[in-house]
Amino acid sequence: MILNKMHTVYNLEMQVRDKMNRIKKTSHVGVFKTLEEIEVAKTKILVDNPSITFEVHPCEHILFEQQPN
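For clarity, every value in this text was computed on a predicted model and none was experimentally measured.

Draft legend 1. Representation of the overall build of the chain. Counting its regular elements, the chain contains 1 helix and 3 strands. Listed by position from the N terminus, the elements making up the chain come as β-β-α-β. In the chain, buried positions account for 20% of the 69 residues. Here the analysis covers contacts within the chain between residues at least 6 apart in sequence; of these, 56% occur between residues at least 24 apart.

As structure tokens, this is what we get:
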């Protein structure tokens, strides 16, 4: 019997804001396996764009099944 386990991945979204802090544009950055990977990606983006904000969406789905080690 094969058991399929759900695995959580994290979808990172970048938000460009105006001077009044309103969201003007959102962009998909990527899908990451860990929160540590998200922090690395955010740090790289913030070097060139310090006013960017982010939103993280955790996703659980059978398609994101954890791979065996």
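Draft legend 2. Structural detail: helix H1 (residues 35-48). Within H1, burial applies to Ile-38, Ala-41, Lys-42 and Ile-45. The buried residues of H1 occupy an angular sector of 100° when the element is viewed end-on, so they sit on one face. Among the exposed residues of H1, those oriented more than 90 degrees off its buried face are Glu-36, Lys-44 and Val-47.

Draft legend 3. The pairing of strand S1 (residues 7-17), seen in detail. Taken together, the 8 bridges between S1 and strand S2 (residues 23-32) define a ladder with antiparallel strand orientation. Paired with Tyr-10 across the bridge in S2 is Phe-32. In this antiparallel pair of consecutive strands, S1 and S2, the connection spans 5 residues, and Asn-21 shows a positive phi of 65°.

Draft legend 4. Summary view of the pattern of salt bridges. Per the stated rule, a full pass over the model turns up 3 salt bridges. For Lys-24, the salt bridge identified is with Asp-18, shortest N-O distance 3.8 Å. Lys-42 serves as the salt-bridge partner of Glu-39, at 3.3 Å between the closest nitrogen and oxygen. Taken together, the positions of Glu-39 and Lys-42, both in helix H1 and 3 residues apart, correspond to about one turn of that helix. The network of salt bridges with shared partners includes Asp-18, Arg-22 and Lys-24.

Draft legend 5. Quick look at the nonpolar core. Core analysis: the largest hydrophobic core is formed by 9 residues, namely Tyr-10, Leu-12, Met-14, Phe-32, Ile-38, Ala-41, Ile-45, Ile-52 and Phe-54. The set of elements that each furnish at least two residues to this core consists of S1 and H1.

Draft legend 6. Region of interest: the side chain of Lys-42. Looking at Lys-42, its side chain comes within polar contact range of the side chain of Glu-39, at 3.3 Å. Every residue in contact with Lys-42, bar those within four places of it in the chain, is listed here: Leu-12 and Phe-54.

Draft legend 7. Representation of the environment of Thr-43. Mapping Thr-43 onto the fold places it in helix H1. Given the relative accessible area of 47%, Thr-43 is considered partly exposed. Looking at Thr-43, its side chain comes within polar contact range of the main-chain oxygen of Glu-39, at 2.8 Å.

Conventions and cut-offs
- Residues numbered from 1 in each chain as written.
- Predicted model: local features only at pLDDT ≥ 70, side-chain atom pairs only at ≥ 80, totals over all residues.
- Heavy atoms only, no water.
- Helix = DSSP H or I, 4+ residues; strand = E, 2+ residues; numbered from the N terminus.
- Buried < 20%, exposed > 50% of the residue type's maximum accessible area, 1.4 Å probe, protein only.
- Contact = heavy atoms within 4.5 Å.
- Arc of directions from axis to C-beta.
- Pairing = 2+ DSSP bridges.
- Salt bridge = Lys/Arg side-chain N within 4 Å of Asp/Glu carboxyl O.
- Core = buried A, V, L, I, M, F, W, Y, C linked by side-chain atoms within 4.5 Å.
- Polar contact = N/O pair within 3.5 Å; in protein donor to acceptor, adjacent residues only side chain to side chain.

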